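So you can see what is in the structure, the chains are spelled out below.
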Amino acid sequence: MTSRIWRWVGLLVLLIILTPSATFAGQSASSNGNGPLASPRVITIPAEAQPSAHFDPEAATNAYMAEIPPEAKARSDTYFESGYWLILWDFLYGAVVALLLLNLRWSAAMRNLAERITRFKPAQTFVYWVEYLILTSILVFPMTVYEEFFREHKYGLATQTFGPWMTDHLKSLAVELVLGGIAVTILFRIVRRLQRTWWIWGAVASIMFLIFEFLIGPVYLVPLFNTVKPLNDPKITQPILSMARANGIAAKDVYEIDASRQTTRMSANVSGFGKTMRITLNDNLLRRGSPEEIKSVMGHEMGHYVLNHIYKGILEYGVLAVIAFALLKWGLDWSLKRWGEKWQIRGVGDTAVLPLAFLIISIFGFVETPIDNTLTRTQEYEADIFGLNASRQPDGFAQAAIHLGEYRKMNPGPVEEWIFFDHPSGRNRIYAAMRWKAENLNLFVAPPSSAAAPVALTAPANHQTPTDASEKPKR
Ligand SMILES: [Zn+2]
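How each quantity is defined
Residues numbered from 1 in each chain as written. Predicted model: local features only at pLDDT ≥ 70, side-chain atom pairs only at ≥ 80, totals over all residues. Heavy atoms only, no water. Helix = DSSP H or I, 4+ residues; strand = E, 2+ residues; numbered from the N terminus. Buried < 20%, exposed > 50% of the residue type's maximum accessible area, 1.4 Å probe, protein only. Areas by Shrake-Rupley, 256 points an atom, 1.4 Å probe, with all protein chains shown as cover. Donors = N, O, S within 2.8 Å, 3.2 Å for Na, K, Ca; no water. Core = buried A, V, L, I, M, F, W, Y, C linked by side-chain atoms within 4.5 Å. Contact = heavy atoms within 4.5 Å. Phe/Tyr/Trp six-rings, centres within 6.5 Å; stacked < 30°, edge-to-face > 60°. Lys NZ or Arg CZ within 6 Å of the ring centre and 35° of its normal. Pairing = 2+ DSSP bridges. Salt bridge = Lys/Arg side-chain N within 4 Å of Asp/Glu carboxyl O. pLDDT = per-residue confidence, 0-100. Axes fitted to C-alpha atoms, helices over the stretch in contact; angles between N-to-C directions. Parallel < 35°, antiparallel > 145°, perpendicular 65-115°, else oblique. Nonpolar A, V, L, I, M, F, W, Y, C, P; charged D, E, K, R; others polar. Polar contact = N/O pair within 3.5 Å; in protein donor to acceptor, adjacent residues only side chain to side chain. Expected span 1.5 Å × (residues − 1).

Student: Explain the overall build of the protein to me, please; I cannot follow it from the model alone.
Tutor: Along the backbone of the protein there are 17 helices and 5 strands. Considering the protein as a whole, with its 475 residues, one finds that 50% of them fall into the buried category. With the model as given, the accessible surface of the protein reaches about 22,800 Å², and the carbon-plus-sulfur share is 64%.

Here it is, written out as structure tokens:
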């Protein structure tokens with residue numbers, strides 16, 4: 001009876017996969033008429049944020065917020081809030097796929113096929129991984145194409161047509177095939193060898209994988225999708241390198257990435273580990289950001305570097321990994337005792353257990369979303385404060401926060417921010433900048449007359465695209 005239900009669920013998933021595939025096959029992928037989430041092209045320093053004897057951070061923040069057109073704010077709120085639901089749908093959809101593979105015994109069948117193909121155990125694990133990755137990628141494709149392609153186009157955040165997008169998607173699957181295959185093969189070897197303590201050593205191995213990925217990322221992975229080259233404009237690099245030297249960063253180069261190939265978002269990041277660590281600006285930021293904005297964003301990125309956020313992030317990941325692996329061990333034992341025979345899984349060392357393992361990890365990941373976001377957001381706030389002190393560009397920073405607000409809700413409630421935000425909200429970032437400015441008014445010269453026109457930060461006028469000031473490598 002229950003297996004009949006699962007067959008129906010399988011049919012339904014198949015239908016969901018086929019419908020959007022058929023629709024987009026004939027559809028032009030160029031961005032629709034809605035355009036990007038445009039905030040003002042040139043963000044001026046409002047009168048309330050000009051240095052004066054009665055400078056009030058709250059009033060200055062409100063004045064900056066008032067520069068965002070209501071329709072731009074409404075659209076970015078919709079984009080960001082619908083993202084909350086996607087966290088839930090992604091989790092549920094993934095859970096259904098995992099339960100399908102187990103209950104229809106497709107996972108067991110894939111294991112049997114791998115055993116027929118080769119007799120060598122590690123190779124069997126690798127072959128199973130290939131089957132698993134291909135099958136699950138097809139099953140979750142409707143969600144992937146909606147989230148990463150259609151939705152991004154709808155909000156004017158994507159720049160690729162369907163062909164290049166699909167090519168990038170296939171490339172990242174190939175990377176996952178190789179790196180994921182190696183990781184899964186090693187993990188299963190650990191589980192089979194160390195039957196009582198595998199969950200500890202599995203967590204240790206997963207930390208090693210993360211470090212390895214950071215290490216090779218900037219040099220071998222990023223160039224598969226984008227071109228990264230040293231930035232050669234002294235007008236931009238000199239102030240950045242000077243700020244780097246002032247903060248004890250031994251950087252000789254600043255790198256530029258052609259992120260506009262995929263997206264209209266502005267961003268910069270610190271990536272790599274040890275010797276491969278580098279700071280990279282994306283071309284959207286270079287084209288659209290004012291010099292003050294670029295400097296404030298680079299100050300933020302240097303904050304990540306000087307405050308050792310990559311190493312601290314790995315440490316935090318390590319703690320979460322140990323908890324996740326402990327729950328994994330308990331969850332696997334518990335479920336296999338009940339349904340192992342039905343799913344034809346022989347034990348925790350059987351590769352056919354993989355969908356169950358991913359399901360348990362995804363439950364953990366879903367529940368700890370606010371913890372993960374809060375750990376990241378705390379580091380981002382630290383980098384913000386470091387960046388303000390290093391760059392001394394509170395108005396550039398406010399401008400960056402407004403550009404980021406094109407795809408992040410600017411003014412959430414405190415609980416909403418705690419649960420869903422991996423960066424401080426735009427409003428809180430502007431407020432932090434204005435608070436800093438209020439205490440450093442001596443650095444800024446008041447306009448000559450009280451009737452002075454607002455001073456424009458010099459953004460080039462013909463681009464209307466967003467900024468992400470601050471992405472750490474995703475973990
Ligand atoms: Zn950041």
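Student: What is the right way to look at the coordination of the zinc ion in this model?
Tutor: Ideal geometry at a metal gives 109.5 degrees between four tetrahedral donors and either 90 or 180 degrees between six octahedral ones. The coordination sphere of the zinc ion contains the protein donors His300 (NE2), His304 (NE2) and Glu380 (OE), at a distance range of 2.0 to 2.1 Å. Along the chain, the residues donating to the zinc ion are arranged with the sequence spacing H-x3-H-x75-E. Within this pair, His300 and its partner His304 are both found in helix H11 (residues 291-306), separated by 4 residues, close to a single helical turn. Each member of the pair His300 and His304 is classed as buried.

Student: Looking at this structure, how should I read the nonpolar core?
Tutor: The tendency in soluble globular proteins is for nonpolar side chains to be buried side by side. Leu332 and Leu356 are the most contacted members of the largest nonpolar core, which has 33 residues in total. The set of elements that each furnish at least two residues to this core consists of helix H3 (70-103), helix H4 (106-117), helix H5 (121-139), helix H7 (162-193), helix H8 (198-221), helix H12 (309-339) and helix H13 (354-367). Excluding residues within four positions of it along the chain, Leu356 makes contact with Leu102, Leu332, Ser335, Leu336 and Trp343. Residues Leu231, Met243, Phe273 and Met298 belong to the second largest nonpolar core, which totals 29 residues.

Student: Please clarify how the packing of aromatic side chains should be interpreted in this entry.
Tutor: The description of two aromatic rings rests on the distance between their centres and on the angle between their planes. Counted under the stated rule, the structure contains 18 aromatic pairs. Ring centres of Tyr128 and Tyr132 lie 6.1 Å apart, and the angle between their planes is 20 degrees; this geometry places the pair in the stacked category. Within this pair, Tyr128 and its partner Tyr132 are both found in helix H5, separated by 4 residues, close to a single helical turn. In this structure, Tyr128 and Tyr132 share a single accessibility class: buried. Taken together, a centroid distance of 5.6 Å and an interplanar angle of 35 degrees make the contact between Trp339 and Trp343 tilted. Three or more aromatic residues joined by ring pairs form one cluster here, namely Phe141, Phe149, Phe150, Phe162 and Trp165. Above the face of the Phe444 ring, Lys437 is positioned so that its terminal group lies 5.0 Å from the ring centre.

Student: Where do I start with the environment of Ser271 in this structure?
Tutor: Mapped onto the fold, Ser271 is located in strand S3 (residues 267-271). Taking the relative accessible area as the measure of exposure, Ser271 reaches 14% and is therefore buried. Sequence separation between Ser271 and Pro218 is 53 residues; the distance between their C-alpha atoms is 6.6 Å.

Student: For this particular structure, what's the right way to read the pairing of strand S4 (residues 278-282)?
Tutor: A regular strand places its side chains so that they alternate between the two faces of the sheet. In terms of burial, S4 is a largely internal element, 5 of the 5 residues being buried. Both faces of S4 are covered, namely the face carrying Arg278, Thr280 and Asn282 and the face carrying Ile279 and Leu281. Sheet topology places strand S2 (residues 255-257) next to S4; 3 bridges connect them, and they run parallel. Among the inter-strand pairings, Tyr255 is bridged to a residue of S4, identified as Thr280.

Student: Looking at this structure, how should I read the pattern of salt bridges?
Tutor: Once their charged atoms are close, side chains differing in charge can pair, the charge on each being opposite to the other. Tallied over the entire structure, the rule returns 14 salt bridges. Between Arg346 and Glu115 there is a salt bridge, with the nearest N and O atoms lying 2.7 Å from each other. Of this pair, Arg346 sits in the loop between H12 and H13 while Glu115 is found in helix H4, placing the two residues 231 residues apart along the sequence. Two residues, Arg265 and Glu152, come together in a salt bridge whose shortest N-O distance is 2.8 Å. Taken together, the positions of Arg265 in the loop between S2 and S3 and Glu152 in helix H6 (residues 141-154) put the pair 113 residues apart, joining distant regions of the chain.

Student: Would you take a moment to explain the confidence of the model for the protein for this structure?
Tutor: As a note on interpretation, predicted positions should not be read in detail where pLDDT is low. Overall, the prediction assigns the protein a mean pLDDT of 87, with 85% of residues at 70 or greater. Taken together, the stretch residues 19-37 has pLDDT below 50 and engages in 31 contacts with residues farther than four places along the chain or on a different chain. Low confidence marks residues 450-475, where pLDDT is under 50. Its contacts with residues over four positions away, or in another chain, come to 101 contacts.

Student: Sorry, what's going on with the pairing of S3 here?
Tutor: Of all 5 residues in S3, 4 are buried, a share of seventy percent or more. Pairing geometry for S3 and S4, over 4 bridges, is antiparallel. Across the sheet, residue Asn269 finds its bridge partner in S4, namely Thr280. Between S3 and the antiparallel strand that follows it, S4, lie 6 residues; Gly272 among them carries a positive phi value of about 90 degrees.

Student: Help me understand the packing of helix H15 (residues 394-404) against helix H17 (residues 426-439), please; the structure alone is not making it clear to me.
Tutor: Any two packed helices are characterised by how steeply their axes cross, that is the angle between the axes, and by the distance between the axes. Between H15 and H17, whose axes approach to 9 Å, the crossing angle comes to 175 degrees. With respect to H17, the axis of H15 lies roughly antiparallel. Note on element contacts: H17 touches H15 through Gly426, Arg429, Ile430, Ala433, Met434, Trp436 and Lys437, opposite Pro394, Asp395, Phe397, Ala398, Ala401, Ile402 and Leu404. Of the residues assigned to the contact of H15 with H17, the class counts are 10 nonpolar, 1 polar and 3 charged.

Student: Where do I start with unusual backbone geometry in this structure?
Tutor: Glycine aside, a negative phi is what most residues show, and trans is what most peptide bonds show. One non-glycine residue, Arg105, adopts positive backbone phi at about 60 degrees. Checked against the element boundaries, Arg105 lands in the loop between H3 and H4. Unusually for a residue other than glycine, Arg392 sits at a positive phi of about 55 degrees.

Student: Is there a simple way to explain the side chain of Ser137 in this structure?
Tutor: For Ser137, the position within the fold is in helix H5. We classify Ser137 as buried; its relative accessible area is 14%. Of the polar contacts made by the side chain of Ser137, one reaches the backbone oxygen of Leu133; its length is 2.5 Å.

Student: Could you clarify how one ought to interpret H13 in this entry?
Tutor: Helical periodicity: at 3.6 residues per turn, an α-helix aligns residues three or four positions apart in one direction. Taking 1.5 Å per residue, 14 residues should reach 20 Å; H13 reaches 20 Å between its end C-alpha atoms and fits that length. The complete set of buried residues in H13 reads Leu354, Pro355, Leu356, Ala357, Leu359, Ile360 and Phe364. Residues of H13 that are buried sit in contact with H3, H4, H5, H7 and H12.

Student: Which parts of the structure should I look at to understand the environment of Glu406?
Tutor: Tracing the backbone through its elements, the reader meets Glu406 in the loop between H15 and helix H16 (414-420). For Glu406, the side chain forms a polar contact with the side chain of Arg288, separated by 3.0 Å.

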